[in-house]
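# Architecture at a glance
Read off the chains here:
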Amino acid sequence: MAIEVRPITPTVGADVYGADLNNENDIQDIKQAFVDHSVIAIRDLNLSPEEHLKFARKWGDINVNRFFKPVDNYPEIATVLKEADQVTAIGETWHTDHSYDLAPAMCSMLYAVETPAVGGDTAFASQHAAYMALSDGMKKMLGNLKAWHSSRHAFGVNLADEEAHADGRLGNEEKAKQDALHPVVITHPLSGKKCLYVNGDFTTHFDGWTKEESQPLLNQLYAHCSRADFTCRIRWEPGTLAIWDNRALQHMAINDYSGHRRLMHRITIEGVPLS
Ligand SMILES: [Fe+2]
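Along each chain, the written sequence defines residue order, and numbers are assigned to residues from 1. Given that this is a predicted model, residues contribute local features only at a pLDDT of at least 70 and side-chain atom pairs are listed and counted only at 80 or more, while totals for whole chains, interfaces and linings are drawn from all residues. Only hydrogens and water are set aside; all other atoms, that is, all heavy atoms of the structure, feed into the side-chain values.

### Considerations on the overall build of the chain
In this text, helices come from DSSP runs of H or I with a minimum length of four residues, and strands from runs of E with a minimum of two, each type numbered from the N-terminal end. Along its length, the chain carries 7 helices and 17 strands. For 275 residues, the compact-globule formula gives about 19 Å, and the C-alpha radius of gyration of the chain, at 18 Å, lands near that figure. Principal-axis analysis of the C-alpha atoms places the extent of the chain at approximately 50 × 45 × 30 Å. Type-normalised accessible area, obtained with a 1.4 Å probe on protein chains alone, sets the label of each residue: buried when under 20%, exposed when over 50%, and partly exposed for intermediate values. For the chain, buried positions account for 55% of its 275 residues. Note that the radius of gyration is over C-alpha atoms, with the globule rule given as 2.2 Å times the number of residues to the power 0.38.

### Re the pairing of strand β9 (residues 146-150)
Only when DSSP finds a minimum of two bridges between them are two strands counted as paired. As judged from the 5 bridges shared by β9 and strand β10 (residues 179-183), these two strands associate in the antiparallel manner. Looking at the pairing, A147 lines up with H182 of β10. As defined by bridge partners, β9 adjoins strand β13 (residues 203-206) across 3 bridges and the pair is classed as antiparallel. The partner of A147 across the bridge, within β13, is F206.

### Some words on the pairing of strand β15 (residues 241-245)
Counting buried residues in β15 gives 5 out of 5 residues, a clear majority hidden from the surface. Residues L241, I243 and D245 line one face of β15 and the alternating positions A242 and W244 line the opposite face, and both faces are buried. Relative to β15, strand β3 (residues 39-42) is paired through 4 bridges, and the arrangement is antiparallel. Counted as the bridge partner of I40 is I243 from β15. Across 5 bridges, the pairing between strand β7 (residues 107-114) and β15 is antiparallel.

### Concerning the side chain of D245
The residue D245 is located in strand β15 in this model. In the analysis that follows, any N or O atom pair within 3.5 Å is treated as a polar contact, provided that within protein one partner can donate a hydrogen and the other can accept it, and provided that, for residues neighboring in sequence, both atoms belong to side chains. Only 2.8 Å separates the side chain of D245 from the backbone nitrogen of R247, close enough to count as a polar contact. Any pair of residues with heavy atoms lying within 4.5 Å of one another is described as a contacting pair. Those residues in contact with D245, other than ones at most four positions away along the chain, are F34, S38, M106, C107, H188 and L190.

### Here's the deal with the coordination of the iron ion
Atoms are scored as donors when they are N, O or S and lie within 2.8 Å of the metal, with 3.2 Å used for Na, K and Ca; no water is included, so coordination may look incomplete. Within the protein, the atoms that donate to the iron ion are H95 (NE2), D97 (OD) and H251 (NE2), at distances of 2.1 to 2.2 Å. For the iron ion, the single-chain donor residues occur in sequence as H-x1-D-x153-H. When its relative accessible area of 5% is taken as the criterion, H95 is described as buried. Relative accessible area serves as the criterion here: at 5%, D97 is assigned to the buried category.

### Section: the sheet that holds strand β14 (residues 231-234)
Spatially, the 3 strands line up as an open sheet ordered β14-β8-β16, and their pairing is antiparallel. Of all the strands in the sheet, just β14 and β16 (249-253) have a single pairing partner and so form its edges. Strand after strand, the sheet turns through a mean of 25° between neighbouring axes, direction not considered. Bridge analysis of strand β8 (residues 122-126) against β16 gives 5 bridges, and the strand direction is antiparallel. Its bridge partner lying in β16, F124 is registered against H251. Angles here are taken between N-to-C directions and fall from 0 to 180 degrees, while the axes themselves are lines fitted to C-alpha atoms, restricted in helices to the stretch in contact.

### A look at helix α2 (residues 49-57)
The set of residues buried in α2 consists of H52, L53, F55 and A56. Seen along its axis, α2 keeps its buried residues to an arc of 165°; they face one direction. For this quantity, the arc is that covered by the directions from the helix axis to the C-beta atoms.

### Observations regarding the sheet that holds β13
Strand order in the open sheet formed by 3 strands is β10-β9-β13, with antiparallel pairing between adjacent strands. Strands at the two margins of the open sheet, each flanked by one partner only, are β10 and β13. Adjacent strand axes in the sheet meet at a mean angle of 30°, parallel and antiparallel pairs treated alike.

### Details of the packing of helix α4 (residues 136-143) against helix α7 (residues 211-225)
Where α4 contacts α7, the axes come no closer than 14 Å and their chain directions differ by 120°. Here α4 lies oblique to α7, going by the angle between them. As α4 runs across α7, the sense of the crossing is left-handed. Between α4, through M138, M141 and L142, and α7, the contact on the second element is made entirely by L217, Q220 and L221. Here the residues of the contact of α4 with α7 sort into 5 nonpolar, 1 polar and no charged. Note on terminology: angles under 35 degrees are roughly parallel, angles over 145 are roughly antiparallel, angles of 65 to 115 are roughly perpendicular, and the others are oblique. Two helices that cross are described as forming a left-handed crossing if the nearer one is turned anticlockwise from the farther one by less than a right angle, and a right-handed crossing if clockwise. Ten residue types, Ala, Val, Leu, Ile, Met, Phe, Trp, Tyr, Cys and Pro, are classed as nonpolar, four, Asp, Glu, Lys and Arg, as charged, and the remainder, Gly among them, as polar.

Okay, here's the thing in structure tokens:
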């Protein structure tokens, strides 16, 4: 039985039903759905950490996150947890995981272990759609720009997310020393499509511009990047594995479930330098 792929919007996202992660044909179809839709939610799984890792290794090398607390006995799996009494969620503003790395992660694989009955969705925005909606003049100007990305201000000593550092969800702030320069418009390594590649969490300024000069245009791009018609939402339930492409999307955790616990396991797969 082949997998069933149901698009969530015409622009971005698909649900995947009937997948057997041990079946090579299904894995090939899942990879194609991932390229076609940028984020896929594989439903109705029951994955142990070993099975999650085995599936992830079929996509590439695993990038061990420096800042998230690992799952006990599984250093390659990051815990993404919000307890019922915690106020902030990790990643609750629009961003791209790992854009501060020289070769940013290809994809994140987030598996839902425990979810609120309702709420705690993740929103995704197609950065190819965002690029295509720009004027020709803006496309041309951005096509000549590069931008710097950094982990220092988000995970470092001047960290933005104080609660998550204080309660141990995030750590290793002394390792937040990555700075990377990427084109503002990248050609996606798998689809060949052009995608806007700046994000509000990690981009600091355009190369050759001051931060003050960069900020107004960056703010305008951030507002544009998440326009409603570029987006979809994934609703989680235990047993959902979502795989999203960090080069094609931005995403945001929707923090609307105070009083409820949400536990996810994340594996990140290595990517390639962007051009
Ligand atoms: Fe994220």
